[in-house]
Amino acid sequence: MRPIRVRIGVLGLALVAGLAAPTAATAAPEAGGAAPAPTVEERRLDGEVPREILRRSGFAPVAPAFARGLGRADSYREARRVVEREGAALWRRAVDRVQGRGPARGDLSRDDDRPLYWARLGMTRELRTWEPGFGLSERQRAALLTELERTSRGQTDLRLPRGHRDGHGKGVKRVLLTGFDPFTLDRDIRISNPSGAVALALDGTVIDTADGPARVETAVFPVRWADFAEGTVERALRPYLPRVDLFTTVSQGRVGRFDVERTNGAWRGGFPDNDNVSRTETVPVADPASQPQWTTTTLPYAAITAADTGRFPVYDNTSVTEIPAGGDEPVVRPDGPTPGSTAREGGGGNYLSNEIAYRATLLRDRLGLHGTLPGGHVHTPVLQFGAGNTDPATGALTDPEFVRNRLDIVAQTRAIVGVAVSAAGADRD
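Residues numbered from 1 in each chain as written. Predicted model: local features only at pLDDT ≥ 70, side-chain atom pairs only at ≥ 80, totals over all residues. Heavy atoms only, no water.

Asker: Sorry if this is basic, but what is going on with helix H4 (residues 76-98) here?
Answerer: Three- or four-residue spacings in an α-helix give side chains the same orientation, since the helix completes a turn every 3.6 residues. Relative to the 33 Å expected for 23 residues at 1.5 Å per residue, H4 spans 33 Å between its end C-alpha atoms, a close match to the ideal helical length. Taken together, the buried positions of H4 are Ala79, Val82, Val83, Gly87, Leu90, Trp91, Ala94, Val95, Arg97 and Val98. Where H4 is buried, its residues contact helix H2 (48-57), helix H3 (62-72), helix H5 (114-128), helix H6 (138-152), helix H7 (194-202) and strand E3 (212-221). Phi for glycine 100, located one or two positions after H4, is positive at around 85°. (Helix = DSSP H or I, 4+ residues; strand = E, 2+ residues; numbered from the N terminus. Expected span 1.5 Å × (residues − 1). Buried < 20%, exposed > 50% of the residue type's maximum accessible area, 1.4 Å probe, protein only. Contact = heavy atoms within 4.5 Å.)

Asker: For this particular structure, what's the right way to read the sheet that holds strand E4 (residues 246-252)?
Answerer: Two orientations exist for strands paired in a sheet by backbone hydrogen bonds: parallel and antiparallel. Ordered in space as E2-E3-E1-E4-E14-E5-E10, the seven strands form an open sheet in which the pairing is mixed. Edge positions in the sheet fall to strand E2 (206-209) and strand E10 (314-317), since each has one partner strand and no second. Geometrically, the sheet is characterised by an average inter-axis angle of 30° between neighbouring strands, direction not taken into account. In this structure, strand E1 (residues 173-180) lies alongside E4, joined through four bridges in parallel fashion. (Pairing = 2+ DSSP bridges. Axes fitted to C-alpha atoms, helices over the stretch in contact; angles between N-to-C directions.)

Asker: Help me understand the packing of aromatic side chains, please; the structure alone is not making it clear to me.
Answerer: Pairs of aromatic rings are described using the distance from one ring centre to the other and the angle between the two planes. Enumeration over the complete set of coordinates arrives at nine aromatic pairs. Judged by centre distance (6.1 Å) and plane angle (15°), the ring pair of phenylalanine 180 and phenylalanine 228 falls under stacked. Highlighted residues: phenylalanine 180 in strand E1 and phenylalanine 228 in helix H8 (residues 225-229), separated in sequence by 48 residues. Neither phenylalanine 180 nor phenylalanine 228 differs from the other in exposure class; each is buried. Measuring from ring centre to ring centre gives 5.1 Å for phenylalanine 271 and tyrosine 351, while their planes differ by 90°; the resulting arrangement is edge-to-face. Here tyrosine 351 lies in the loop between strand E13 (342-345) and helix H11 (352-366) and phenylalanine 271 lies in the loop between strand E7 (267-269) and strand E8 (280-282), a separation of 80 residues in the sequence. Exposure remark for tyrosine 351: the relative accessible area of 1% places this residue in the buried category. Ring pairing ties together the aromatic residues Phe183, Trp225, Phe271 and Tyr351, which thus form one cluster. The aromatic ring of phenylalanine 385 is capped on one face by arginine 190, whose charged end is 4.0 Å from the ring centroid. (Phe/Tyr/Trp six-rings, centres within 6.5 Å; stacked < 30°, edge-to-face > 60°. Lys NZ or Arg CZ within 6 Å of the ring centre and 35° of its normal.)

Asker: Just to check I follow, could you spell out the sheet that holds strand E11 (residues 320-323) for this structure?
Answerer: With respect to topology, three strands assemble into an open sheet ordered E12-E11-E13, the strand pairing being antiparallel. Each of the sheet's edge strands pairs with one partner strand only, and the pair in question is strand E12 (331-333) and E13. Put simply, the sheet's adjacent strands are angled 45° from each other on average, direction ignored. One ladder, built from three bridges, connects E11 with E13; its direction is antiparallel. Bridging from a neighbouring strand, threonine 321 pairs with glutamate 345 of E13.

Asker: Help me out: how do you make sense of the environment of threonine 297 in this one?
Answerer: With respect to the element layout, threonine 297 can be found in the loop between strand E9 (294-296) and helix H10 (301-306). C-alpha separation for the pair threonine 297 and alanine 357, spaced 60 residues apart in sequence, amounts to 8.6 Å. Looking at threonine 297, its side chain comes within polar contact range of the main-chain nitrogen of leucine 299, at 3.1 Å. (Polar contact = N/O pair within 3.5 Å; in protein donor to acceptor, adjacent residues only side chain to side chain.)

Asker: Explain the pattern of salt bridges here, please?
Answerer: One side chain can pair with another of opposite charge once the charged atoms of both are near each other. The full count for this structure, using the stated rule, is 41 salt bridges. The closest approach of N and O atoms between arginine 55 and glutamate 48, which form a salt bridge, is 3.4 Å. By relative accessible area, which is 42% here, glutamate 48 ends up partly exposed. Across the pair glutamate 52 and arginine 56 runs a salt bridge, and its minimum N-O distance is 2.9 Å. Taken as a pair, glutamate 52 and arginine 56 lie in helix H2 at a separation of four residues, close to a single helical turn. Each of the salt bridges in this network shares a partner with another, and the network as a whole consists of Glu41, Arg120, Glu149, Arg153, Asp181, Arg224 and Asp227. (Salt bridge = Lys/Arg side-chain N within 4 Å of Asp/Glu carboxyl O.)

Asker: Is there a simple way to explain the packing of H3 against H5 in this structure?
Answerer: Between two packed helices, what matters for the description is the angle formed by their axes and the separation of those axes. In contact at an axis separation of 8 Å, H3 and H5 are set at 30° when each is read in the N-to-C sense. As the angle between them shows, H3 and H5 are arranged roughly parallel. In the crossing of H3 with H5, the sense of the turn from one axis to the other is right-handed. Judged by residue contacts, Val62, Ala63, Phe66, Ala67 and Leu70 of H3 engage Ala119, Gly122, Met123, Glu126 and Leu127 from H5. For the contact of H3 with H5, the per-class residue count stands at eight nonpolar, one polar and one charged. (Parallel < 35°, antiparallel > 145°, perpendicular 65-115°, else oblique. Left-handed = near helix turned anticlockwise from the far one by under 90°. Nonpolar A, V, L, I, M, F, W, Y, C, P; charged D, E, K, R; others polar.)

Asker: How should I be thinking about the nonpolar core in this particular structure?
Answerer: With 63 residues, the main nonpolar core has Phe66, Trp118, Leu127, Trp130 and Leu177 as its most contacted residues. Apart from the residues within four sequence positions on either side, phenylalanine 66 is in contact with Val82, Val83, Glu86, Met123, Glu126, Leu127 and Leu148. Formed by 25 residues, the second largest nonpolar core is a distinct cluster that contains Phe221, Phe228, Leu241 and Leu373. (Core = buried A, V, L, I, M, F, W, Y, C linked by side-chain atoms within 4.5 Å.)

Printed below as a string of structure tokens:
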């Protein structure tokens, strides 16, 4: 998920850094004015492909049921309870479907991340356009939308077992992993994001490693500049980084390969997000006076790239784009940044995958964990449809090669995490 100069055209897994934000359910207009209109992202729900994804996964009833729940709420407090309950239920339903618990409720393959994305948008559109009789302030609506985003993305469902960081001996290793929503949907609305699929497949699972069992907890993040500027990554991850043994942010990167990104840059390159908003600026964080231009991975990249983890090659990517000290033009540096340079692209580009990696590793460093907490960013291969199914206007929603590619990416990411945990444990020993 990266305009790695935007050479790829499709999708984005991930973690965190140091700063801090359809149908109307009832009838009476909101005090102080009408409810807001749906966002650009929410309006894509009206297309045939999103409707088909929801129908073929059994998630089509989610938003209407949520609207009915909102319609029964007679106060802000009750509405908040509905939002918290139904948001968490959507995340759990998506995880259960991917992990094979309960009926599939449709012929779409269980490994698919897209039902969660489109069902969530259906819920946010219901909430955004809701006009309750008791009146809802702009601030209250914003708080409800934030809570819906957090609960339906697994950000309030990170359940870490006890471990040595809590003073309980060696214990089970704790891994925090993040993924992303689908993106570039105006290019191909059928798109799935393998990092989101990884997050759903691994949430709450245990990986047996050479350093013992590792419990993985996951969350998914939006592809929107504004959410990142408001601190969504830091709010979600700050309570957990001091307690985990390893973290990785994951997103979609290049065709046919995994990359462990060595360096992350403090620059937004302006590629449009899911609301078709662009941002070209320094990554906005708290305390900008102490903000570094670059952060680095502490994942055991040598061990990861040397291991046989699956059919895709895995690279230690050291390249960045910088403006050298005293210069004014960007220069590609294959071996990383030079002293005093200004970031223009990290190894993972200058889109939101680079930014989540930058924020997560900056948070790690500001918490004083650089030398003790392995963490960084992994880019997965681009998730491709099968040959002959490449035209978004006429192509099928899914095909056997598309499913195989997604399953292989998920399995290889799982193996990469296992290698990383083992290597980090060996380093500690």
